[in-house]
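Structural overview
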Amino acid sequence: MKEQWNDRPGGFHPASAPDYLPKAQLEDLQLRRFISVVERAYANVEMFRKRMEERSMTPSDFQSLDDVKKLPFTLKSDLRDAYPFGLFASPMSEVVRLHASSGTTGKPTVVAYTKEDIEVWTSVMVRTFAACGLHRGDIIQNAYGYGLFTGGLGAHYGGEGLGATVIPISGGNTDRQIMIMKDFSVTAICCTPSYFLHLLERASEMDVDIPRLPLRVGVFGAEPWSESMRDRIEALSSIKAFDIYGLSEIIGPGVGIECQNQHGLHIFEDHFYPEIIDPESGEVLPEGEEGELVLTTLSKKAMPVIRYRTRDITCLIPEPCPCGRIIRRMKRIGRRSDDMFIIRGVNVFPSQVETALLSVEGALPHYMIILEREKGLDVMTVEVEVTSEFFSDKVRAIEDLHKQLSHAIENTLGIRVNVRLVEPHTIQRSEGKAKRVIDKREVNL
Ligand code: DLL
């Protein structure tokens, strides 16, 4: 492991001070901000006002953080229904930026920012980078996509706000990424974890030895990845890999980040109020229990979002973090309540398959899950790349590996699946979020 920069004590970025606010002060701040965001949404967003009226509520019914649970939820479909600008609480003359989600079906969801919102976003990204041990003098290669996706510009402003040097390379063009990483003495990279793996692979083909470069930090997110994936990445690159979380509806990247302990993501609770609910009943769960993350923007002006159901499954960690930050942590998001698929009655998350695969020596972290229906029965096939040595080795070695992988998946999921071993580079690489599941079942019905 290369030398790490300890962000505490002595020398955290001044913008990180709210991370260490005493609990009572933090809660007081949250309540004041919550009250004003409810008032703002009630006065300016018709959908929210109507929902409050249906509950016979006005903002004055909101007096304590305990009252949060009385407020209505906001769903992704609400953003789609309000397309494009229906949930804005500021006049267009105050909106300085729009972003939109790519959206798998139909219209994208649009989000808006005032100048102040951009400042808040920058400040949480500065705190994000500081938690990863970055500072003035670092050279950040920002390979998140620039454009309507929030990743590129969100990380960009944060890096500049920190005082670091930002290379706005955006996603794609892998050979050029590697050349620049080497020639510009890059010390940190921001991209999806799957894209970083692709980059590592290509670097080794180009005879670029990443562990020997000055690169020491990776800020990886925008898609679920596992602890085993982190181990792989860190072992292959000798960098420290941090998990960053965010979503466009709330702000973009910068909702939560791991600190040097890499044990849960600190949520910037002074700007984003977290709750965990039972995804079925909508009831708030006690701290420490796993459920769906619900977030409220506490300071957003252009588009305040109250009790947004993220569909991301996690839990809040009740224990204080040894790093000293008071803002709470959540467990890394391994799955969404809706990337789950059901196969022969069993709920399966792609991350479970990933963890099982990576527990076996010889398997590479590139895989695809294919779901089909044969004679009315669900069939799941996992295609996984294995190291080239196996293909040049004896048939026996391949058979053994095949058996081990099948067992690992079956032990984890409790169902039999087909495993297909493929040569390195067979599975399509992504420059942004990885696609892990191809569901062909509807077509076969
Ligand atoms: O992915 C924002 C972002 C950009 C986050 C760069 C981190 C880094 P959306 O496109 O709106 O925004 O997608 C948000 O992606 O609800 C999660 O399901 C998933 N996601 C984001 N970060 C993580 C993560 C950006 N670290 C959706 N782990 C979220 C797991 C993540 N899932």
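Residues numbered from 1 in each chain as written. Predicted model: local features only at pLDDT ≥ 70, side-chain atom pairs only at ≥ 80, totals over all residues. Heavy atoms only, no water.

Here's the deal with the overall build of the protein chain
So the rule is basically this: Working definition: helices are DSSP H or I runs of at least four residues, strands are E runs of at least two. Numbering for both runs from the N terminus. Each radius of gyration reported is based on C-alpha atoms, and the globular scaling rule is 2.2 Å times the count of residues to the power 0.38. To sort residues, take the accessible area from a 1.4 Å probe on protein chains only and compare it with the maximum for the residue type: under 20% means buried, over 50% means exposed, and anything in between is partly exposed.
Assigned secondary structure in the protein chain consists of twelve helices and 21 strands. By the compact-globule yardstick of 22 Å for 445 residues, the protein chain fits well, its C-alpha radius of gyration being 23 Å. Overall, the C-alpha framework of the protein chain stretches about 75 × 55 × 40 Å when taken along its three principal axes. With 445 residues in all, the protein chain has 55% of them scored as buried.

A word on the environment of E361
We count it as follows: Contacts: residue pairs with any heavy atoms within 4.5 Å of one another.
Mapped onto the elements, E361 comes out in the loop between helix 9 (350-358) and strand 18 (363-374). Take E361: its relative accessible area is 69%, and that puts it in the exposed class. Here E361 is in contact with F390 and L401, once residues within four sequence places are set aside.

Comments concerning the site of the ligand
Defined as follows: Proximity criterion: a residue is near a molecule or strand once any of its heavy atoms comes within 4 Å of it. Distance and chemistry together define a polar contact, namely a pair of N or O atoms within 3.5 Å, with one atom able to donate a hydrogen and the other to accept it when in protein, and with adjacent residues in sequence counting only for side-chain atoms on both sides. The protein chains shown are the only cover counted for residues, whose accessible areas, like all others here, come from Shrake-Rupley with a 1.4 Å probe.
Of all residues adjacent to the ligand, which total 20 residues, the nearest are D243, I244, S248, D312 and K433. Contact distances for the ligand include 2.7 Å between an oxygen atom and a side-chain N or O atom of S248. A distance of 3.1 Å separates an oxygen atom of the ligand from a polar atom in the side chain of R336. Out of a free accessible area of 610 Å², the ligand has 92% covered by protein chains. Contributing elements (two or more residues each) for the shell around the ligand: helix 5 (150-162) and strand 7 (240-247).

Thoughts on the state of the cysteines
Put simply, the test is: The disulfide criterion used throughout: a pair of cysteine sulfur atoms within 2.5 Å.
On inspection of all chains with the given rule, the structure shows zero disulfides. Note on C191: no disulfide assigned, nearest cysteine sulfur contributed by C190 at a separation of 7.7 Å. The thiol of C259 is not disulfide-bonded; the next cysteine sulfur, from C321, is found 3.7 Å away. With relative accessibility at 1%, the residue C259 sits in the buried group.

A few points about the sheet that holds strand 10 (residues 272-277)
How we decide: Only when DSSP finds a minimum of two bridges between them are two strands counted as paired.
With respect to topology, four strands assemble into an open sheet ordered 10-11-12-15, the strand pairing being antiparallel. Looking at strand neighbours, the two that pair on one side only are strand 10 and strand 15 (335-336), the edges of this open sheet.

Side note on the domain arrangement of the protein chain
The condition that has to hold: Domains are outlined according to an automatic or database domain assignment. Summed over both partners, the accessible area (1.4 Å probe) lost when two parts come together is defined as the buried area. Criterion for a salt bridge: a side-chain nitrogen of Lys or Arg within 4 Å of a carboxyl oxygen of Asp or Glu.
Looking at the protein chain, the domain boundaries give domain 1 (1-338) and domain 2 (341-439). Computed from C-alpha coordinates alone, the two centres of domain 1 and domain 2 are separated by 30 Å. Buried area between domain 1 and domain 2, summed over both chains or domains, comes out near 1600 Å², and the portion from carbon and sulfur atoms is 53%. One can count one salt bridge joining domain 1 with domain 2.

Things to note about the pairing of strand 6 (residues 217-221)
The line we're drawing: With strands facing away from the observer, any crossover in which the path from the first strand over the helix to the second runs clockwise is taken as right-handed.
Counting buried positions over the five residues of strand 6 gives five, a clear majority of the element. With burial as the criterion, each face of strand 6 is covered, one bearing V217, V219 and G221 and the other bearing G218 and F220. Here four bridges tie strand 5 (residues 188-191) to strand 6, and the two strands are oriented parallel to one another. Following the sheet pairing, A188 is matched in strand 6 by V217. You can see the chain leave strand 5, run along helix 7 (residues 193-205) and come back into strand 6, and the turn it takes is right-handed. For strand 6 and strand 7, the ladder comprises five bridges, and the chain directions are parallel. Counted as the bridge partner of V219 is F242 from strand 7. As for the winding sense of the linkage, the β-α-β connection from strand 6 through helix 8 (residues 227-237) to strand 7 is right-handed.

Quick notes on the packing of aromatic side chains
Selection rule: Planes of paired rings set the category: under 30 degrees apart is stacked, over 60 is edge-to-face and the rest tilted, where pairs are Phe, Tyr or Trp rings (Trp by its six-membered ring) whose centres lie within 6.5 Å. Whether a charge sits over a ring comes down to the Lys NZ or Arg CZ being within 6 Å of the ring centre and within 35 degrees of the ring normal.
Under the definition given, this model contains six aromatic pairs. The interplanar angle of 35° and the centroid separation of 4.9 Å between the aromatic rings of F34 and F62 together place this pair among those described as tilted. Note that F34 is positioned in helix 1 (residues 23-44) and F62 in the loop between helix 2 (46-54) and helix 3 (76-81), a separation of 28 residues in sequence. For the pair F34 and F62, a shared accessibility class is recorded, and that class is buried. Ring geometry for F220 versus W225: centroids 5.9 Å apart, planes at 85°, classification edge-to-face. Summarising the burial analysis for this pair, F220 and W225 share the class buried. Every member of this aromatic cluster is reached through a ring pair, and the members are F34, F62 and Y273. Lying across the ring of F349, R335 places its NZ or CZ 4.2 Å from the centre.

Details of the sheet that holds strand 3 (residues 139-142)
Heads up, the condition is: An axis is simply a line fitted to the C-alpha atoms; with a helix, the fit covers only the stretch in contact. Between two such axes, the angle follows the N-to-C directions and lies from 0 to 180 degrees.
Spatial ordering of the open sheet is given by 4-3-5-6-7-8-9-14-13, a layout of nine strands whose pairing is mixed. Strands at the two margins of the open sheet, each flanked by one partner only, are strand 4 (165-167) and strand 13 (316-317). Bridge count for strand 9 (residues 265-267) against strand 14 (residues 329-330) is two bridges, and the pairing is antiparallel. Bridge pairing in strand 14 links L265 to M330. Packed onto the sheet, helix 7 meets strand 5 and strand 6 and runs at close to 125° relative to strand 5.

Details of the side chain of K300
Definition in use: In summary, the charge assignment counts Lys and Arg as positive and Asp and Glu as negative, without counting His or the chain termini.
With respect to the helices, strands and loops of the structure, K300 is situated in the loop between strand 11 (291-297) and strand 12 (308-314). The side chain of K300 is buried and forms no salt bridge, while D117, the nearest opposite charge, is found at 6.1 Å. Within the local environment of K300, its side chain forms a polar contact with the backbone oxygen of I250, the two atoms lying 2.9 Å apart. Within the local environment of K300, its side chain forms a polar contact with the backbone oxygen of M303, the two atoms lying 3.5 Å apart. Ignoring sequence-local partners within four residues, the contact set of K300 consists of V37, R40, A112, D117, E249, I250 and I251.

Focus: the pattern of salt bridges
Considering all chains together, one arrives at 35 salt bridges under this definition. Note that R51 is salt-bridged to D78, the shortest N-O span being 2.8 Å. Of this pair, R51 sits in helix 2 while D78 sits in helix 3, placing them 27 residues apart in sequence. Take R51: its relative accessible area is 23%, and that puts it in the partly exposed class. With its nearest N and O atoms 3.2 Å apart, the salt bridge here joins R441 to D378. Of this pair, R441 sits in helix 12 (residues 441-444) while D378 sits in strand 19 (residues 377-386); the two residues are 63 residues apart in sequence, bridging distant segments of the chain. One exposure class covers both R441 and D378, and it is buried. The structure contains a network of salt bridges with shared partners spanning E227, R230, D243, E258 and R332.

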